[in-house]
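Chain by chain, the residues:
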Amino acid sequence: MRDLLRGNNKPDKRLPPRLFTTDRSPTGRLNIYSKPDILPFIQHVLMNTKELQYIKNSCFGKLFELPARQCHVSCKLIHAFLTRQLLCEDNNTLWTVFRSDPIRFGLQEFGTITWLPCGEFPTDYDTELEVQSNNIRDPDWVKLFGKEKIVTIADLSHKLETDARMLGWKKLQLALILIVDSVLIAHQQKTRPTLKYVKMVQSVDAFFQHPWGRESFLKTITCMKPPQECKDPIGELVCLLRQDSFRLKGFPLALQLLAFQAVPQLQTIIPAPVDTLSISQLEEPHLPLHSIINYVDILRVEAEQNLAVTSLIQIQSQTQPGWGVWTDVVADERVTYMENLIANHYPFKKHLWPGGDRSGPILIFVPHEEQPAPNRNALKPRKTLKKPSSSRKQRRINNYFPRTGSTRNSNDQVFQMLTKVSTQVSKLRKENKVLRQLIKRRKSRTHNKRSAFHSVICCSKKAHLSHRGCQTDPMVQTTDVPPNKTPPLHHLLNQGLEIFEPFSQEPSSLNNPRYYTSTRKDPQQQLKSITPETSPTKSSSFAEHADSVNAFAATATSKRTSAPILNFDQNQHMKILMYMLAGRHKEMLHREGLAFTTPHLVSEIQELWKRFKPLRRKDLFQWGKRLTELVLKAGEKWMEDVTTIYTPMIWADKHWVGLAINLYMGYVEIMDPQPSLNKDKKVSTFMEALLTAFPYLVKKVAKPQQTQFRGLEPFYWKRMKDIYINERLGDCGPLSIKFMEFHAHGDPAPHMSGITDIAVDDLRKQYAMDVYKTIVLPAYHAPTFP
């Protein structure tokens, strides 16, 4: 104790070491299988029934009393607590450090938060999950699900919601299976009922007596601690947490709820109105919807001077035998030493914690200095030391700055990877040859072919054209729409969305019955006329939306002479969808510092690449303002108002992917619906122009203090894993759009990995209806002008 009081600023090796050294925790993503939204769903479908009351009177009742505002899973917050964990011998307890204070997450904390039974397991109970190969032969399975071998939680939810003739006992058993398999013991990406739990639920009273808290905690903590079945458990966990995504089973929401209880200040960064509603008080069949918690806000709370952290929350034990106790606890002298310091209210400091992986960059929160208030009573301005001018509060990752003295070799393994791939001339010639053949083939087709916009969005039955990659274009005879009538929805879904562009911007033409048409025009003319020039007099058509959506407004001109003219069938439908989604999520994008932009951003960089690549002094290259205007509204700044850019990109003129470009980290996440189509070497070729040119573009348009820590190193890319794979053809366009929409919202449930073929068919139709509602109908019903 005396050594600690001397203030020598050296780590105390008697304390447990950290997994990652102080301020070097990675910022990855999580793939969480648990779906807390099931709880309000069950309450909604079983409302005013004795089955619901029976559940609320059971051991699961307290789950419905959890604070709804805190139950929206924050992958950032959970990941932050996992990467700040301490290494201890006890595999059943997670110790983590927030700022400088340790926090314990064990079975007793889990039981206190959830109020689930955490007593001893029954004698000879096997905690491992059984293989479900013989489920259709089991009488209990057949009794509850029939002879269906593959049954998903989604199927059970649908039956529970729609089957009005279902008997009460079956409703109760299905609801209990939903709670256990999709909330507490979630262990599969595509959640399915577990045969062992199906057999247990046949006796409901015995089912409620099972120690579900202990079982749920065991599944949860196993994924959070170093794995025991490998040679280097600590190194393996470090690698897992540094990945793009990390899989969590069980009920990790409990760790988030512990964080809110141990650090009450974290509740202030929840991006939702403050209320005290519990899940049982919700009127909707889902948790309150709000945007994700910003990681920078977590760092801001961690940096507060008078932050209150409770290392050991108050335990509320139950009367069950063996509640919250493990019989195989391993004594750890370092944990005992730490617990003694906690009991003596010792003020922990950051430098005390030893060890940890040091390969990542140092991430700290840097508060901006405020300008001093002027002295109005002074006759003359006082001479003061010159200080840097204050700037607006930066969003997201712009508050992460490396400390001075850190070497580049230790910091660039994740955030400053170098991309050194040269483009071979022969491959470019081959790709250009294929491109010319595709263009020639398209020009030779007759006018009765429906547009690619319809074939990508609206059609659920797609022809198998393996030689075309993900682009399909089935031949369907279309019919014209009477020029004086609004095309019905079924016509758009079945006959194809063709062109919805005004012929003129003059007010007289807005009332012209030929203002919109379904007759095919030249693709280049379509691209020029799809967005009219804005005028003082607005209509409720494209022009009105073009003024209000930053991702689309920059392209709303017919004077596009320097931009490359992209093929209408392969580009225009993506442009329309990005424009529509930018308008739909306008407030969220502005709040989070994000931007949805059209494919023109990438295409123009590729066009300028021919002049940019051979330059020796690339920093002197003159970038046009129009590139930044494709992303920003008037008055906005790169890396100050926008930190992440979402844009679709087409590879080899046939395959769409979604890009999330993080300006601060120099990191491009590629959401590829069909990763087997192109190998990594091919992807590097596709991405070379963007990755090499983007640092120079950002350097040119952003403030110097915001780009100094990155330099002009090329951006690096990585394809996201654990996302839906498009095994059918023709879905990559809308899927890329949907992936970017999911990514911008923090990948909420059902997650990019939980998308199904049926959901893809639905989203294509939904996108078509959204375009019809937001673009077509306003255009046909434009207001009259005097």
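Residues numbered from 1 in each chain as written. Predicted model: local features only at pLDDT ≥ 70, side-chain atom pairs only at ≥ 80, totals over all residues. Heavy atoms only, no water.

## So, the overall build of the protein chain
Scanning the protein chain for helices and strands turns up 31 helices and ten strands. Counting only residues that meet the buried cut, the protein chain has 55% of its 786 residues in that class. Contacts in the protein chain between residues far apart in sequence, at least 24 positions, make up 79% of those at least 6 positions apart. (Helix = DSSP H or I, 4+ residues; strand = E, 2+ residues; numbered from the N terminus. Buried < 20%, exposed > 50% of the residue type's maximum accessible area, 1.4 Å probe, protein only. Contact = heavy atoms within 4.5 Å.)

## Comments concerning the pattern of salt bridges
Under the defined criterion, the tally for this structure stands at 17 salt bridges. In this structure, Asp101 and Arg99 form a salt bridge, with 4.0 Å as the shortest nitrogen-oxygen distance. As far as the burial class goes, Asp101 and Arg99 line up, both buried. Measuring nitrogen to oxygen at the nearest pair gives 2.9 Å for the salt bridge that ties Asp672 to Arg719. Pair noted here: Asp672 is in the loop between strand 9 (667-671) and helix 28 (680-701) and Arg719 is in strand 10 (residues 716-719), with a separation of 47 residues, a long-range link. Among the residues examined, Arg719 registers a relative accessible area of 12% and is labelled buried. Counted as one network, the salt bridges with shared partners bring together Glu89, Asp332 and Arg334. (Salt bridge = Lys/Arg side-chain N within 4 Å of Asp/Glu carboxyl O.)

## Topic: helix 4 (residues 75-83)
For helix 4, the buried fraction is high: eight of the nine residues fall into the buried class. When helix 4 is considered as a whole, its buried residues turn out to be Cys75, Leu77, Ile78, His79, Ala80, Phe81, Leu82 and Thr83.

## A look at the pairing of strand 3 (residues 94-98)
Here strand 3 lies mainly inside the structure; five of its five residues are buried. Residues Leu94, Thr96 and Phe98 of strand 3 are buried on one face, and the alternating residues Trp95 and Val97, pointing to the opposite face, are buried as well. Summarising the sheet, strand 2 (residues 85-86) and strand 3 pair through two bridges and their orientation is antiparallel. Of the residues in strand 3, the one forming a bridge with Leu86 is Trp95. Once strand 3 ends, the chain turns through two residues before running back antiparallel as strand 4 (residues 101-105), passing Arg99 with a positive phi of about 60 degrees. (Pairing = 2+ DSSP bridges.)

## Section: the packing of helix 4 against helix 13 (residues 253-262)
When two helices pack together, you describe them by how their axes are tilted relative to each other and by the distance separating the axes. Between helix 4 and helix 13, whose axes approach to 9 Å, the crossing angle comes to 85 degrees. As summarised for this structure, helix 4 and helix 13 are arranged roughly perpendicular, according to the angle between their axes. Of the residues in helix 13, those touching helix 4 at Leu77, Ile78, Phe81 and Leu82 are Leu255, Gln256, Ala259 and Phe260. Along the lines of polarity and charge, the residues of the contact of helix 4 with helix 13 split into seven nonpolar, one polar and no charged. (Axes fitted to C-alpha atoms, helices over the stretch in contact; angles between N-to-C directions. Parallel < 35°, antiparallel > 145°, perpendicular 65-115°, else oblique. Nonpolar A, V, L, I, M, F, W, Y, C, P; charged D, E, K, R; others polar.)

## Observations concerning the sheet that holds strand 7 (residues 644-651)
With mixed pairing, the five strands of this open sheet are ordered in space as 6-7-8-9-10. On the outer flanks of this sheet lie strand 6 (594-596) and strand 10, each paired with one strand and no other. The mean inter-strand angle of the sheet, taken between neighbouring strand axes irrespective of direction, is 30 degrees. When strand 7 meets strand 8 (residues 655-662), the two strands line up antiparallel, connected through eight bridges. The residue bridging Ile645 from the neighbouring strand is Ile661, located in strand 8. Contacts from helix 28 reach strand 7, strand 8, strand 9 and strand 10, with the element oriented near 140 degrees to strand 10.

## Thoughts on empty space enclosed by the protein
For the coordinates displayed, the defined rule picks out seven cavities of 30 Å³ or more. If you add up the space inside the second largest cavity, you get close to 50 Å³. Lining the second largest cavity are Arg18, Thr22, Asp23, Ser25, Arg84, Val97, Arg99, Glu302 and Lys350. When grouped by side-chain class, the residues that make up the lining of the second largest cavity number one nonpolar, two polar and six charged. (1 Å grid on protein atoms, 1.4 Å probe; cavity = no way out; pocket = protein on both sides within 12 Å on 5 of 7 lines; lining within 4 Å. Points joined across faces, edges and corners; volume = space filled by probe spheres on them.)

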